[in-house]
Amino acid sequence: MIKMETAYERIAKTLKGKPAKYSRFTRFNQHKTQPHDARSRRCIRCNRPEGLVSMHGLNYCRECFREVAKDLGFRKYGKEA
Ligand SMILES: [Zn+2]
């Protein structure tokens, strides 16, 4: 498989011979990366990435949290309280 050259790499390659322009390009056109843990954190019970309750280091999704909140010792959660 051929690795596609990104626009950033292509422009950076053409500007290699022009140090002033290259430094300006790298300064203002840095790669925008997502925070590393944006999608890597998942529910420890059902592996769902959405609706994660990371409060107090629980890492349950909101639905699993509803089910196990009472067992964990939460006195009030949801309608049954
Ligand atoms: Zn879950």
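It should be noted that the structure appears before, not after, this text.
A.B. asks: Whenever I open this one, the overall build of the protein confuses me. Can you help?
C.D. replies: A count of helical and extended segments in the protein gives three helices and two strands. Reading the helices (α) and strands (β) of the protein from amino to carboxyl end gives α-α-β-β-α. Taking contacts inside the protein between residues at least 6 apart in sequence as the whole, the part at least 24 apart equals 0%.

A.B. asks: What is the right way to look at unusual backbone geometry in this model?
C.D. replies: Apart from glycine, the bulk of residues carry a negative phi angle, and the bulk of peptide bonds sit in the trans form. With a phi angle near 60°, H56 is a residue other than glycine that sits in the positive phi range. Residue placement: H56 occurs in the loop between β1 (52–53) and β2 (60–61). One non-glycine residue, N59, adopts positive backbone phi at about 60°. Within the secondary structure layout, N59 lies in the loop between β1 and β2. The class of N59 is partly exposed, set by 16 C-beta atoms lying within 10 Å.

A.B. asks: Help me understand the environment of L52, please; the structure alone is not making it clear to me.
C.D. replies: Structurally, the position occupied by L52 is in strand β1. Put simply, L52 and R41 are eleven residues apart on the chain and 8.0 Å apart in space, counted from C-alpha to C-alpha. Ignoring sequence-local partners within four residues, the contact set of L52 consists of R41, C43, N59 and C61.

A.B. asks: Which parts of the structure should I look at to understand the environment of R45?
C.D. replies: Note on placement: R45 falls in the loop between α2 (19–28) and β1. Residue R45 is classed as partly exposed on the basis of its 14 C-beta neighbours within 10 Å. Taking C-alpha positions, R45 is 9.4 Å from F65, a pair spaced 20 residues apart along the chain.

Definitions and limits used
- Residues numbered from 1 in each chain as written.
- Predicted model: local features only at pLDDT ≥ 70, side-chain atom pairs only at ≥ 80, totals over all residues.
- Helix = DSSP H or I, 4+ residues; strand = E, 2+ residues; numbered from the N terminus.
- Contact = placed C-beta atoms within 7 Å.
- Buried ≥ 20, exposed ≤ 12 C-beta atoms within 10 Å, placed from the backbone.

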